[in-house]
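Each chain, written out:
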Amino acid sequence: MIPEPIFVGGVGRSGTHVMGRLIDSGPDYHWIPTEVRFHAWSGGLPDLCAGRTDIAEFLEKMRGRWYERGANKRNGLKRVATREQLEEALAEFEGAFAADHIGASRRLVRRLLDPAAAAAGKPAWVEITGPVIEYGEFLLELCPDARFINMVRDGRAVVAGTLKKVDLTDDPMTALEKWTEMVRAAGAAIERLGPERVLTVHLDDLTAHDRDTTLARVIEFLEISDPAPMREYFHREISAERAHVGAWRQRMAPADARKVDRRYRRALRSLRRDGID
């Protein structure tokens, strides 16, 4: 029996979508093609179950920013549920939450996401909300058989990919600080979750430096029943050129690139001193 579901996390622009599509190319997992967020985000289910937010605020976000978001309102839960389906799921959740926080939360996640996998003819799904690693302990309460993939990318490349993107920052130092914070938080969470639950994948290894070995690690970790379709997709669609490996200097102004490089090297030294590779 395959582990399920799969949660893929990482800083924005670190390859979570690349990994989601790769896993989707196999026979076992359907990629949920949007960050659903409500299960692993500030103000979401973890905060609600811990009493850090209330159910009215949570429901407002479910019907608002998490249902429909982005510059063109194309992303959010609308990709997996109609308004009617959302309201039915929320009514059931609201009625059950007081008596059983975790059970009601588990049913809400499953009710909204399981039908997408079923419609695709697959037994399970993979979801790519960025902070899922940090919220891993909570997610294991909801989905005890879940596994996690932690995507990591050179912080300088993340900064270059972040600038001038919608809903992200145009300040390279802010982007690098966010990268450092999330890498640190993920490192602490992985220590608690354990290596049997989390696989860390470096995007540059997957796309350029150690391609076949990295793909084999992913296939083994996910216990893919038939890896041939994934291998075919991988060799056809995933490359160093498409991932812009090593091109971060060309994607920033020279002065910004030098400043980011210096700050990045200091951040790496600090992370390594704290035992985070």
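Here the structure is a predicted model, which means the values were calculated and not measured. (Residues numbered from 1 in each chain as written. Predicted model: local features only at pLDDT ≥ 70, side-chain atom pairs only at ≥ 80, totals over all residues. Heavy atoms only, no water.)

*Asks:* It is not clear to me how helix α12 (residues 254–273) should be interpreted in this structure. Could you clarify?
*Replies:* Spacing of three or four residues puts side chains on the same side of an α-helix, whose turn is 3.6 residues. Its 20 residues place the ends of α12 29 Å apart at the C-alpha level, agreeing with the 28 Å of an ideal helix rising 1.5 Å per residue. Within α12, burial applies to Ala257, Val260, Asp261, Tyr264, Ala267, Leu268 and Leu271. One side of α12 holds all its buried residues, which, seen down the axis, span an arc of 135 degrees. Contacts made by the buried residues of α12 are with α7 (155–162) and α8 (172–193). Phi turns positive, to about 80 degrees, at Gly275, one or two residues after α12. (Helix = DSSP H or I, 4+ residues; strand = E, 2+ residues; numbered from the N terminus. Expected span 1.5 Å × (residues − 1). Buried < 20%, exposed > 50% of the residue type's maximum accessible area, 1.4 Å probe, protein only. Arc of directions from axis to C-beta. Contact = heavy atoms within 4.5 Å.)

*Asks:* Would you take a moment to explain the sheet that holds strand β2 (residues 29–31) for this structure?
*Replies:* Paired through backbone hydrogen bonds, the strands of a sheet run either parallel or antiparallel to each other. As summarised here, the arrangement of the five strands in space is β2-β3-β1-β4-β5, forming an open sheet in which the pairing is parallel. Of all strands in the sheet, those bounded by a partner on one side alone are β2 and β5 (198–202). When the angles between neighbouring strand axes are averaged without regard to direction, this sheet yields 25 degrees. Pairing of strand β4 (residues 147–152) with β5 involves five bridges; the strand directions are parallel. Counted as the bridge partner of Ile149 is Leu199 from β5. (Pairing = 2+ DSSP bridges. Axes fitted to C-alpha atoms, helices over the stretch in contact; angles between N-to-C directions.)

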